[in-house]
Amino acid sequence: MKRNPVIPYLLICVLGIVLVFFLSVKGLGDAKEIAKEKENGGKEKVTEKFEPEAFAKETCIGCHGNNLEGGAGPNLHGLGAKLGKDKVKDVLANGTSGGMPGGLVKPENIDAMADWLVKLK
């Protein structure tokens, strides 16, 4: 008995066409939903609350060590007693000539970061 090799290919072709059709319909529905979310998202701005400790763990530990006790950069514990809040804010905003880059902290978050660093014991 000889099998017809065309039939399996036709079945696969039909299955593929049906699958593409249904995925297209689903994609259209998803596109409408995404457009609706963007419309609503433009009216509401969700801002994340700045967490100084989390920022330090992500950004500062590379130079100041895991516990911010010094590494390539100086120890940050007791910084408030040494420099004061205004100097800490200046360093966060402008950096230092010794290697601390300025602008790592967004201007609107400098006060919160400086407060946290000054209280770091």
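Being a predicted model, the structure only gives us computed values, none of them experimental. (Residues numbered from 1 in each chain as written. Predicted model: local features only at pLDDT ≥ 70, side-chain atom pairs only at ≥ 80, totals over all residues. Heavy atoms only, no water.)

Thoughts on the pattern of salt bridges
- A full pass over the atoms with the stated rule returns 5 salt bridges.
- Between Lys87 and Asp90 there is a salt bridge, with the nearest N and O atoms lying 3.8 Å from each other. With Lys87 and Asp90 both in helix 4 (residues 85–94) and 3 residues apart, the pair spans about one turn of that helix.
- Among the residues examined, Lys87 registers a relative accessible area of 41% and is labelled partly exposed.
- By relative accessible area, Asp90 is classed as partly exposed at 34%.
- Note that Asp111 is salt-bridged to Lys89, the shortest N-O span being 2.8 Å. Separated by 22 residues along the polypeptide, Asp111 in helix 5 (residues 110–119) and Lys89 in helix 4 bring together distant segments of the chain.
- For Asp111, a relative accessible area of 40% translates into the label partly exposed. (Salt bridge = Lys/Arg side-chain N within 4 Å of Asp/Glu carboxyl O. Helix = DSSP H or I, 4+ residues; strand = E, 2+ residues; numbered from the N terminus. Buried < 20%, exposed > 50% of the residue type's maximum accessible area, 1.4 Å probe, protein only.)

Focus on the nonpolar core
- Ranked by size, the top nonpolar core spans 15 residues in total, and within it Leu68, Leu76, Val88, Leu92, Val105, Met113 and Leu117 carry the most contacts.
- When residues in this core are grouped by element, the largest group, 4 residues, is from helix 5.
- Not counting residues up to four positions away in its chain, the partners in contact with Met113 are Phe50, Pro52, Phe55, Ala56, Cys60, Leu92 and Val105. (Core = buried A, V, L, I, M, F, W, Y, C linked by side-chain atoms within 4.5 Å. Contact = heavy atoms within 4.5 Å.)

A word on the packing of aromatic side chains
- Evaluation of the coordinates by the stated rule reveals 2 aromatic pairs.
- Both rings, one in Phe50 and one in Phe55, keep their centres 5.6 Å apart while their planes meet at 50°; by these two values the pair is tilted. Per residue, the accessibility class of Phe50 equals that of Phe55, and both read buried. (Phe/Tyr/Trp six-rings, centres within 6.5 Å; stacked < 30°, edge-to-face > 60°.)

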